[in-house]
Amino acid sequence: MTSSEIRQSFLDFFKAKEHAIVPSSTLLPDSPNLLFTNAGMNQFVPNFLDEREALHPRVANTQKCIRAGGKHNDLEDVGFDTYHHTFFEMLGNWSFDDYFKKEAISWAWELLTEVWGFPKERLYVTVYNPGEGDPAEFDQEASDCWSEVFKAEGMDLKIHLLHGGKNDNFWMMGETGPCGPCSEIHMDLTEKGDSQGSLVNGDSPLSIEIWNLVFIQFNAAEDGSYLPLTARHVDTGLGFERVAGIMASTSNFTDFSRPPSNYESDLFKTIFSSLAKMCGHIYGGSVPVNRHDLSVEEMRDCAFRVLADHIRTLCCAIGDGILPGNEGRNYVLRRILRRAVLWGRRLDLDPGSFSQLVSPVLDTLGPVFPELREQQEVIRKVILAEESAFDRTIDRGIQILDKITAKKKGGIGGEDAFLLYDTYGFPLDLTQVVARERNMEVDTEGFNKEMEKQRKRARDARKKDVVSVSDKEGGAASTQFVGYESNSLKDLETEVQEVIQSNDRTYIVFPKSPFYAEMGGQVGDTGEVVMEDSRIQILDTILDNAGQYLHHIEVDTVENLAGKKASLTINMERRLAIQRHHSATHILHWALRKVLGEHVKQAGSLVAENRLRFDFSHFEHPDSEQLHEIEALTNKRILENADVNWYEVPFNEKPENCIAFFGEKYGNVVRVVDIGGYSVELCGGTHVGATGEIGLVKIVSESSIAAGTRRIEAVAGQTAYGLMEGNYDLLMTLSQKLSCKPQELEARFASLLKQRSALEKELRGARKKDVAALADELASSASEKSGIHWVAAKVDVADPNEMRKLAVDVSQKLTASVVVFGGDFEGKASVLALCSPEAIKAGHKAGDIVRELAGQLGGKGGGKADFAMGGGKEPGKLEKALEDFLAAVK
């Protein structure tokens, strides 16, 4: 079977079992604790947590996954064996409180043995059996289900049904949250198939786990207890590359004499074929006996595997809008690309070759993941740009490595190896290769210590969330927000629920409020609260973790307010200005995606009353024409005066073209903001009723804030009008002063600049003549003593650089000389001395002369014997100091 046939047969099988086939989620995970989507279950976490209802009680799909950072990191192993990958597909089937262990187990066995034809006698299964201190009880239910399967097949339970503890057979989402026992299915790939299960979980390439069936039935609480869940789920993960590789390596289970390899399937053969044409080498499939001592053949085959794996990772990640950069997941991508480029040099690939491997990836994965074809030009451009930039860095890294190896004959230290890894992108394995070529060792223990320090820094900085199943009955009372409705924005009657004082600030909490609390990039509302005879200003509104709106008030202390009647009114002028900027942000986002590409994703925003800031993912600086088009499209949409509608729908029923944002947590019900049908986003902010209310948008600046992340700052509404009005007034003023029409200003300025350039050239010529005449005058005034000509004077020149040139000219006119000049530049004294070889031989040193003079001027200076410069902050003493110096010489 081909890889496409395997994938499709899996989906067809579970579709026949009444599963809904859903697309893969993006590689950009919702969880802030994950670098990448690393398992098929990631997109279903909200279903497991009861935060969102499942689309269907039974679901199946193939999920793009990356494991190259954080807890699950296979990067450094890729290439050295035949089963590790940074990118892989995980085939999975899920049940959300529907079927459970019996069905999951029987269907897994049916697909493997009856549909795909896996030899039954080569399959081994593990079930959960807790060790000392492990959670829960022995998984009797799973054991009984498997026992029934094996008895029906006439197979020996003692051989094929094995036990495992928490590390292998108990799955947890995190330290807390849904969890449960699992059953793993392993394949015996020894030539005779007679290992009797002895290799299971023994880290042997001849016994590979192919499928994990997870049974989510407990909730791990913060106190360490494991309580049964009322809703039980099934979560399975089948290694697609492993299954395809096994079938290819064994010729569909007919020949087990060859070593098993995931890289034998057509998923990689297509890439290998393109790579072979590029480099002139052929992939041989060899595996290193010792990764620290590679033969030429092993080196070549490792390089083939590295490049084939890494190009798949980069294509899929960039296709999902994750670009190489300097931090977090973006930095991991940059390391993967650099590792591939460095290994590519081992195949004698020309610079820029790596990006040519995008095409074979599109051939194999494009039909399954259409976003790859949609973003193929972006993928190529990003990889080529990164590759070109790194080619320059490689040369610098090689120079550093040369210096290290030249300086340290015994070997390369751990800190140096980590510097090459962290700063120049050299993976440890390649540093070791280069070191071996130079008969040197690498301090891997020291390298690992430095790596652990970096990981600790990352762990300390990483946000930690407590994962738990939603408590639908309890929790802190959140504030009811009523600020979407216009009739609630003025004189809203309510009462004071609580007064909170924290960090020298006072906050009031109301059970309901029209004040928008700062979130989603939109700033909080301001206004006032009226209670009996008092009128208190509300300076800001923020949201606490319990969902309460905290209204920051201007007074320091407020007593006995709880329970008092209150009337709330927001600052409408400010709110309207904020709404204009928020709706403008949505339209600007649409225009960016329209002009730059669908890969553009929001990476942060600020919406205030007088400006907006929008951060977005993009790999290069938009040129002026693109920025003009973005602004023009935005204002064209504004002039259309389309209605801005918002409504709430279940998350699973949101429109297909609706944009959701990374890092946001969405519940069962979400708020959709629809602007004219073309901009549709999930958003909790406040907006205008129609786009015409925005008036105008003007882009103020565009800049880079990080590798792969750009920032646009813009203004809308009255602020934009004020900016344009100011610019127009300035334009008219300049036109009047230059006696021309506004449209003639550019030509007039060009003419003025040309005139200025000509005058400056003429001035430089005249100045040069003056300096030449001054040099003649100073040379003729030289005093001679003991065969040395002495010149010391305060000179009137443009700057210290011109003073230096003058000293050289004077010195060249004299045979043996000491030239000392001083000047007053912008209120500071500057002195220099220039001594000819004859003067130096006679015992005179420029550094000593300048040091002495600068000291008299309240400063310091020095230099070499032939030339020195210095200065001081007392230029009034300069003339006398030079006169005294010359008098002393005479």
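Our subject is the structure listed above.
Residues numbered from 1 in each chain as written. Predicted model: local features only at pLDDT ≥ 70, side-chain atom pairs only at ≥ 80, totals over all residues. Heavy atoms only, no water.

*Asks:* Would you explain the packing of aromatic side chains in this entry?
*Replies:* The description of two aromatic rings rests on the distance between their centres and on the angle between their planes. Per the stated rule, a full pass over the model turns up 32 aromatic pairs. Relative to Y226, the ring of F170 lies with its centre 6.0 Å away and its plane at 85°, an arrangement referred to as edge-to-face. With F170 in strand β8 (residues 170-172) and Y226 in strand β11 (residues 226-239), this residue pair connects regions lying 56 residues apart in the sequence. Judged by its relative accessible area of 7%, F170 falls in the buried class. Ring centres of Y421 and F447 lie 5.5 Å apart, and the angle between their planes is 80°; this geometry places the pair in the edge-to-face category. With a gap of 26 residues between them, Y421 in helix α14 (residues 414-424) and F447 in helix α16 (residues 444-461) connect regions that are remote in the sequence. Comparing Y421 with F447, the two get one shared label, buried. Each member of the aromatic cluster is reached from another via a ring pair, and the members are Y263, F268, F272, Y283 and F304. The ring of F651 has K654 lying over it, and the distance from NZ or CZ to the ring centre is 3.9 Å. One cation-aromatic arrangement involves R671 over Y484; the distance from NZ or CZ to the ring centre is 3.7 Å. (Phe/Tyr/Trp six-rings, centres within 6.5 Å; stacked < 30°, edge-to-face > 60°. Helix = DSSP H or I, 4+ residues; strand = E, 2+ residues; numbered from the N terminus. Buried < 20%, exposed > 50% of the residue type's maximum accessible area, 1.4 Å probe, protein only. Lys NZ or Arg CZ within 6 Å of the ring centre and 35° of its normal.)

*Asks:* Explain helix α19 (residues 717-737) to me, please; I cannot follow it from the model alone.
*Replies:* For an α-helix the count is 3.6 residues per turn, leaving residues at separations of three or four pointing the same way. The first and last C-alpha atoms of α19 sit 30 Å apart over 21 residues, in line with the 30 Å expected at 1.5 Å per residue. Here α19 has its buried residues at G717, A720 and S735. Within α19, the buried residues cover an arc of 65° as seen down the axis, which keeps them to one side. Across α19 from its buried face, at more than 90 degrees, point the exposed residues Q718, Q736 and K737. Looking at the packing, one finds that the buried side of α19 touches α17 (572-596), β28 (697-706), β29 (709-716) and α20 (745-780). Of the residues flanking the end of α19, it is S739, one or two places downstream, whose phi is positive at about 55°. (Expected span 1.5 Å × (residues − 1). Arc of directions from axis to C-beta. Contact = heavy atoms within 4.5 Å.)

*Asks:* Is there a simple way to explain helix α1 (residues 3-16) in this structure?
*Replies:* With 14 residues, α1 extends 20 Å from end C-alpha to end C-alpha; this agrees with the ideal 20 Å at 1.5 Å per step. Those residues of α1 lying buried are S3, I6, R7, S9, F10, L11, F13 and F14.

*Asks:* Please clarify how the sheet that holds strand β32 (residues 817-825) should be interpreted in this entry.
*Replies:* Adjacent strands of a sheet pair through backbone hydrogen bonds, lying either parallel or antiparallel. Across the sheet, which stays open at both edges, the six strands sit in the order β30-β31-β32-β33-β35-β34 with mixed pairing between neighbours. Looking at strand neighbours, the two that pair on one side only are β30 (783-785) and β34 (860-863), the edges of this open sheet. Across the sheet, the mean angle separating the axes of adjacent strands is 15° when strand polarity is ignored. The sheet contact formed by strand β31 (residues 788-794) and β32 spans six bridges and is parallel. Looking at β32, one finds that H789 is bridged to S817. Its contacts with the sheet place helix α23 (residues 846-856) against β32, β33 (828-835), β34 and β35 (867-872), and it is angled at close to 175° to β34. (Pairing = 2+ DSSP bridges. Axes fitted to C-alpha atoms, helices over the stretch in contact; angles between N-to-C directions.)

*Asks:* In this structure, what is going on with the environment of E518? I would like to understand it.
*Replies:* Locating E518 in the fold gives a position in the loop between β18 (512-513) and β19 (527-531). A C-alpha to C-alpha distance of 25 Å links E518 and S703, two positions 185 residues apart in sequence.

*Asks:* Is there a simple way to explain a negative patch on the surface in this structure?
*Replies:* Together, E620, D623, E625 and E629 make up a region of like negative charge exposed at the surface. Locating E625 in the fold gives a position in helix α18 (residues 624-639). Given the relative accessible area of 64%, E625 is considered exposed. (Patch = residues over 30% accessible without salt bridge, like charges linked within 9 Å, V, L, I, M, F, W, Y side chains within 5 Å. Areas by Shrake-Rupley, 256 points an atom, 1.4 Å probe, with all protein chains shown as cover. Salt bridge = Lys/Arg side-chain N within 4 Å of Asp/Glu carboxyl O. Lys, Arg positive; Asp, Glu negative; His and termini not counted. Charge placed at Lys NZ, Arg CZ, Asp CG, Glu CD.)

*Asks:* What am I meant to see in the nonpolar core here?
*Replies:* One recurring pattern in soluble globular proteins: nonpolar side chains tend to sit buried together. Grouped together as the largest cluster of nonpolar side chains are 120 residues, with contacts concentrated most on W116, F118, W146, I210, W211 and I383. Discounting residues that sit within four places of it in the chain, I383 has contacts with I311, L314, C315, I318, L337, F354, S355 and V358. Ranked by size, the runner-up nonpolar core spans 28 residues in total, among them L588, V595, L596 and L627. (Core = buried A, V, L, I, M, F, W, Y, C linked by side-chain atoms within 4.5 Å.)

*Asks:* Any chance you could explain the packing of helix α10 (residues 328-345) against α14 here in plain terms?
*Replies:* Packed helices, taken two at a time, are described by the angle their axes make and the gap between the axes. In contact at an axis separation of 10 Å, α10 and α14 are set at 110° when each is read in the N-to-C sense. The angle between the axes of α10 and α14 places the two elements in the roughly perpendicular class. For the pair α10 and α14, the contacting residues are Y331, R335 and R338 in the first and Y421, D422, T423 and Y424 in the second. Class assignment for the residues of the contact of α10 with α14 results in three nonpolar, one polar and three charged. (Parallel < 35°, antiparallel > 145°, perpendicular 65-115°, else oblique. Nonpolar A, V, L, I, M, F, W, Y, C, P; charged D, E, K, R; others polar.)

These values are about where atoms sit, not about what they do.
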